[in-house]
Amino acid sequence: MFESPHSDHFRRQVATSIFACVVGRSSVVDLSTSLLAVRRRIAAAALALAAAACGDGAPRPADLIIAGGPIYTGRTDAPRVEAVAARGGKIVFVGAAEAVQAFVGPETRTIDLAATFGAGAALYPGFVDAHAHFDGIGMRETTLNLDDVASVAELVARVAAVAAETPAGATIVGRGWIETGWPEGRMPTKEDLDAAAPDAPVVLGRADGHAVVVNSAALAAAGVGPDTPDPDGGRIERGPDGAATGLLVDKAMAFVDGLTTAPSETELRLIFAEADAVYTARGWTGIHNMSVDPDHAPLLETLSDEGAIKIRLYNAIESDGLDALAASGPRASENGRVVTRAVKLYVDGALGSRGAALLAPYSDAPNTDGLLLLSRKDAAAAFDLALRNGVQIAVHAIGDRGNVLVLKWYEDAFARTDAADRAVAEPRWRIEHAQIVRPRDIPRFSALGVIASMQPSHAIGDLHFARARLGDARLDGAYAWTSLTQSGALVAGGSDAPVERGDPLIEFYAAVARRDLKGFQGPDWRPEEALSREEALALFTKNAAYAAFEEDVAGTIEIGKRADFTAFSADIMTIPEAQIPEATAVLTVIDGEIVHQAAAR
């Protein structure tokens, strides 16, 4: 099939191109993927009409043209094209390789994907991580990184090596350990850390960010003793003798906050620069930046305007910044790449550290059903203020009880606030993680217009312990991307880095394979919840754009939208699933600016 020159859509294409020239913009035509010669002649005719309107016989040259490989637009009407052109940070052409030649000028930079990066390289709309922690990504690069520690013994050795070089009295800080798969079959304890660093306080964050393990020196410095009560929303893990084991969960982590110091502005600049370099090199063009210190937002704006960081940041600040954000309204950097519009709250903890709030006790710990970190009263006050002032709410909810409560509290807030009193008609509130949901609650996301912001890699990491935590029955609503999507909910895809690695290829693979990186899935890990590749692409492109109120300017490759692109070394829409994580990011483009390019092959 090809488009008739008498069709309404074709007439709109031509009219749009002519209008663009008249008002001084580019002459552009949005073409479909057909390679039929007649279609190309129609395209050429449209370009000629548009160029005639400009009066100079040709479109204005583009700054950047990308061709020479499959280009996936993310659109259902024209899912794949041959070429794209950008000028002034915007897309001005999408279509056939032959027709894009009209946009070549003396200053145009042209990239042939196959010739530059090898056969198989493919281009996509810019990938956006819809849930990550920008400061944590940078701190992982600048502090003791325990992501790859494979045992308690190795953890002890790593800490001992750092302790040997640490000044007396200074606290040793690290993060990233996770005990899943360790030969010892347990979490580390204060005794383990005492052996490595008997004198200096040690504070090591678990990968999920919801627990720390500390040594005896840290417990003593923090004043945590046998009679110290658990704080609301927190837990001091204790052994059979009642003594603290060294593990502090959720709000109990606050006991050791005073043992560490906040980074200086100079240190923050380094942390953010490291995060930017890592993430753009992986192919991300944007991050929905979670749990942001409100004081960091102005610095991030400054760094972006200075060009010190390139990536887009959509900030969800911590709850103590809600009043100020509600009073000021959404804010943005001068270049528009850093936007602060949302507030992040927590209703529960994490599954791995047994802080996720469950409707029934943990299968492997019947003495607990998790922790609640937010009260109904506090939630209601925050939600009402946000609705009246156009602040997007994003609540962390992992357990089924946590999700039940947040959905109910959202519903109540919407009912309390008339549409006329809302600052925006569609609040687009979010539940971050939505990991364990009762099957009967899944349709409530769509019914309430709540976005499920989920991280596929959690499913392929958690599969090694989730069944033990939950039993089999509760897995029916666990990591249920397909069920949510089919129910009509919008699912935005992220990584939760530095909890996870933060690699778009791992996230995409997890969404479509639902297996760990070795191909393991385990018994009945609900394989029907795996997504199609088209659905997975949407998670990180157009769905992420919608979740940030940016669907009109981002998320797909089409004329007039931002020139944000991600290219990988392989076509992840067609290669075997197992090969997806083996690909690499070869090109990252933001606003038409190349911010990462791999070496030519």
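Below you will find a few notes about this structure. If you're wondering where the values come from, they're calculated on a predicted model, not measured in any experiment. (Residues numbered from 1 in each chain as written. Predicted model: local features only at pLDDT ≥ 70, side-chain atom pairs only at ≥ 80, totals over all residues. Heavy atoms only, no water.)

1. Let's talk about the packing of aromatic side chains
Per the stated rule, a full pass over the model turns up 16 aromatic pairs. When the centroid spacing of 6.2 Å and the interplanar angle of 40 degrees are considered together, the rings of Trp177 and Trp182 count as tilted. Taking relative accessible area as the criterion, Trp177 reaches 0% and is therefore assigned buried. Cluster of aromatic residues (ring-pair linked, three or more members): Tyr72, Tyr124, Phe127, Tyr279, Trp284, Phe540 and Phe568. One residue, Arg514, lies across the ring of Trp481, its end atom 4.8 Å from the ring centre. (Phe/Tyr/Trp six-rings, centres within 6.5 Å; stacked < 30°, edge-to-face > 60°. Buried < 20%, exposed > 50% of the residue type's maximum accessible area, 1.4 Å probe, protein only. Lys NZ or Arg CZ within 6 Å of the ring centre and 35° of its normal.)

2. Section: the sheet that holds strand E5 (residues 90–95)
Sheet architecture is open: 4 strands sit in the order E5-E4-E1-E6, paired in mixed fashion. Of all strands in the sheet, those bounded by a partner on one side alone are E5 and strand E6 (109–112). Looking at each pair of strands side by side, their axes are set apart by 15 degrees on average, direction ignored. Of the pairings in the sheet, the one linking strand E1 (residues 64–67) to strand E4 (residues 83–87) comprises 3 bridges and is antiparallel in character. Among the inter-strand pairings, Ile65 is bridged to a residue of E4, identified as Ala85. (Pairing = 2+ DSSP bridges. Helix = DSSP H or I, 4+ residues; strand = E, 2+ residues; numbered from the N terminus. Axes fitted to C-alpha atoms, helices over the stretch in contact; angles between N-to-C directions.)

3. Digging into the nonpolar core
In this structure, Phe383, Tyr410 and Phe445 are the most contacted members of the largest nonpolar core, which totals 102 residues. Of the residues forming this core, the biggest block, 8 residues, is contributed by helix H18 (residues 504–513). Counting 23 residues, the second-largest nonpolar core is a separate cluster that includes Val149, Leu193, Ala197 and Ala211. (Core = buried A, V, L, I, M, F, W, Y, C linked by side-chain atoms within 4.5 Å.)

4. Topic: the pairing of E4
By the criterion of burial, E4 is predominantly enclosed, with 5 of the 5 residues buried. Here E4 shows a buried face lined by Ala83, Ala85 and Arg87 and a second buried face lined by Val84 and Ala86. The pairing of E4 with E5 spans 5 bridges and is classified as antiparallel. Bridge pairing in E5 places Ala85 opposite Phe93. Where E4 folds back on E5, the antiparallel hairpin that results is connected by 2 residues, among which Gly88 adopts a positive phi of roughly 60 degrees.

5. Side note on the pattern of salt bridges
Applying the stated rule across the entire model yields 35 salt bridges. A salt bridge links Arg444 to Glu411, with the shortest nitrogen-to-oxygen separation between them at 3.3 Å. With Arg444 in helix H14 (residues 442–448) and Glu411 in helix H13 (residues 400–416), this pair connects stretches of sequence that are 33 residues apart. Judged by its relative accessible area of 34%, Glu411 is partly exposed. Arg526 is the partner of Asp524 in a salt bridge, and the nearest nitrogen-oxygen pair spans 3.0 Å. In this structure Asp524 comes out as partly exposed when scored by relative accessible area, which is 46%. (Salt bridge = Lys/Arg side-chain N within 4 Å of Asp/Glu carboxyl O.)

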